[in-house]
Amino acid sequence: MKNKVIIITGASSGIGESCVYEFFNRGAHLVLVSRTESKLIKLTNKINKQGGSAIYVVADVSQELHCVNVVNKTIEEYGKIDILINNAGISMRALFSDLDLNVFDQVMKINFYGTLYCTKHALKFILKQQGSIVGISSIAGHKGLPARTAYSASKFAMTGLLEALRIENLQNNLHVLIASPGFTASKIRANALNSKGEHQVESPRNEKHMMSSELVAKKIAIAIKKRKSSIVLTFQGKLLVFLNKFFPNLVDKLVFNNLSKEEGSPF
């Protein structure tokens, strides 16, 4: 990864922040993207003071012009783009029957359209480098999860987009990785939206028993280096995806039973 130029969206926390440190340790030049400038400044300064090379761009990836600006700033600073990590995302938890469709729209705009806009405008530069486009998906992109209808829909949509893009560019040596973590310790559940679009504040799951974001970032880096097409993370996640191929009805019941035990479950 030495001297590779890597854009990381959602870089200020969770998997995104862990990717920042992972790729810094591997010698990459970094472009950190998030809506929270204070966190970006702190993170960028820390990387640069330790001898790294990083810039930040404040952006809401649900806005196409913000994504255009991210790409333009990257080219102005580094002259190329080797890797795009589409990590920015938001979750939700509510029954579909209770869900305000504005919440559904918000989740789709950030998770799916954020990936679409960044990928679209960075693609020509990544193709020049025969580089990598990464989508941080989820187990919810393999199996629809109850009370996460918008989140699941956004991750399934991301998978379809990136798989089609990979096949279109088979002769161009474009690497496309779809990374699907299982439950990972991060703030995504605390920041998840309820039926009215308000943040949950508290995670409904025990974060201590989940895979760390640092380990997820390391797995992603290895998968990029090996130019893998997809990875599924955590034993539970791998088991779910495997069983769902052969026993989907059984997995429906297992998923329902597991998620219904969450604190404050809506079903």
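Treat the numbers as computed from the prediction; the structure is a model and nothing was measured.

(A) Focus on the overall build of the protein. Secondary structure summary: the protein contains 8 helices and 9 strands in total. Against the 2.2 N^0.38 benchmark of 18 Å for 267 residues, the protein shows a C-alpha radius of gyration of 18 Å, consistent with a compact globule. In terms of overall dimensions, the protein has C-alpha extents of about 50 × 40 × 30 Å along its principal axes. Looking at the protein as a whole, 51% of its 267 residues qualify as buried. Partitioning the intrachain contacts of the protein with sequence separation of at least 6 by distance along the chain shows that 70% fall at a separation of at least 24. Accessible surface computed for the protein: about 13,000 Å², of which carbon and sulfur atoms make up 52%. Within the protein, the 20 negative side-chain charges are centred at a point lying 9 Å from the centre of the 34 positive side-chain charges.

(B) Representation of unusual backbone geometry. The backbone phi angle of A147 is positive, close to 70°, even though this residue is not glycine. Structurally, A147 can be placed in the loop between β5 (132-136) and α5 (149-168). For A147, a relative accessible area of 5% gives the class buried. In this structure, N173 is a non-glycine residue whose phi angle is positive, near 60°. The residue N173 is located in the loop between α5 and β6 (175-180) in this model. With a relative accessible area of 39%, N173 lands in the partly exposed category.

(C) Structural view of a nonpolar patch on the surface. Taken together, the side chains of F242, F246, F247, L250 and L254 present a nonpolar region at the surface, about 520 Å² in accessible area. Of all elements in the fold, only α7 (235-246) and α8 (248-260) reach the threshold of two or more residues within the nonpolar patch. Mapped onto the elements, F247 comes out in the loop between α7 and α8.

(D) Inspection of helix α3 (residues 64-78) at higher detail. Compared with the 21 Å implied by 1.5 Å per residue over 15 residues, the 21 Å span of α3 between its first and last C-alpha is a close match. Note on α3: the residue one or two positions beyond its end, G79, has a positive phi of about 80°.

(E) Representation of the packing of helix α1 (residues 14-25) against helix α6 (residues 213-225) within the structure. The interhelical angle for the contact between α1 and α6, taken along N-to-C directions, is 60°, at an axis separation of 8 Å. Taken together, the axes of α1 and α6 lie oblique to each other. Between α1 and α6 lies a crossing of right-handed hand. The segment α1 lies against α6, with G14, I15, S18, C19, E22 and F23 engaging S213, E214, V216, A217, K218, I220, A221 and I224. Partitioning the contact of α1 with α6 into residue classes produces 8 nonpolar, 3 polar and 3 charged.

(F) Geometry of the environment of V255. Structurally, V255 is set in helix α8. For V255, a relative accessible area of 7% puts it in the buried group. In this structure, the C-alpha to C-alpha distance between V255 and S152, residues 103 residues apart in sequence, is 13 Å.

(G) Geometry of the side chain of S34. Note on placement: S34 falls in strand β2 (residues 29-34). When its relative accessible area of 8% is taken as the criterion, S34 is described as buried. Of note is the side chain of S34, whose polar atom sits 2.9 Å from the side chain of S12. Non-local contacts of S34, meaning those with residues more than four positions away in its chain, are made with A11, S12, L40, V57, V58 and A59.

(H) Expanded view of the sheet that holds strand β3 (residues 53-58). One open sheet accounts for 7 strands, arranged β3-β2-β1-β4-β5-β6-β9; its pairing is parallel. The sheet is open, and its two borders are formed by β3 and β9 (230-232), each paired with just one other strand. Recorded for the sheet is a direction-independent mean angle of 15° between the axes of neighbouring strands. As paired strands, strand β4 (residues 83-86) and β5 are joined by 4 bridges and run parallel to one another. For I83, the partnering residue across the bridge sits in β5 and is S132. Strands in contact with helix α2 (residues 37-49) are β2 and β3; relative to β3, the strand with the most contacts, it is inclined by about 170°.

(I) Representation of α2 in the model. In this model α2 runs 18 Å from its N-terminal to its C-terminal C-alpha over 13 residues, within 8% of the 18 Å that 1.5 Å per residue would give. Turning to α2, the residues buried within the fold contact α1, β2 and β3.

The rules behind each value
Residues numbered from 1 in each chain as written. Predicted model: local features only at pLDDT ≥ 70, side-chain atom pairs only at ≥ 80, totals over all residues. Heavy atoms only, no water. Helix = DSSP H or I, 4+ residues; strand = E, 2+ residues; numbered from the N terminus. Rg over C-alpha atoms; globule rule 2.2 N^0.38 Å. Buried < 20%, exposed > 50% of the residue type's maximum accessible area, 1.4 Å probe, protein only. Contact = heavy atoms within 4.5 Å. Areas by Shrake-Rupley, 256 points an atom, 1.4 Å probe, with all protein chains shown as cover. Lys, Arg positive; Asp, Glu negative; His and termini not counted. Charge placed at Lys NZ, Arg CZ, Asp CG, Glu CD. Patch = residues over 30% accessible without salt bridge, like charges linked within 9 Å, V, L, I, M, F, W, Y side chains within 5 Å. Salt bridge = Lys/Arg side-chain N within 4 Å of Asp/Glu carboxyl O. Expected span 1.5 Å × (residues − 1). Axes fitted to C-alpha atoms, helices over the stretch in contact; angles between N-to-C directions. Parallel < 35°, antiparallel > 145°, perpendicular 65-115°, else oblique. Left-handed = near helix turned anticlockwise from the far one by under 90°. Nonpolar A, V, L, I, M, F, W, Y, C, P; charged D, E, K, R; others polar. Polar contact = N/O pair within 3.5 Å; in protein donor to acceptor, adjacent residues only side chain to side chain. Pairing = 2+ DSSP bridges.

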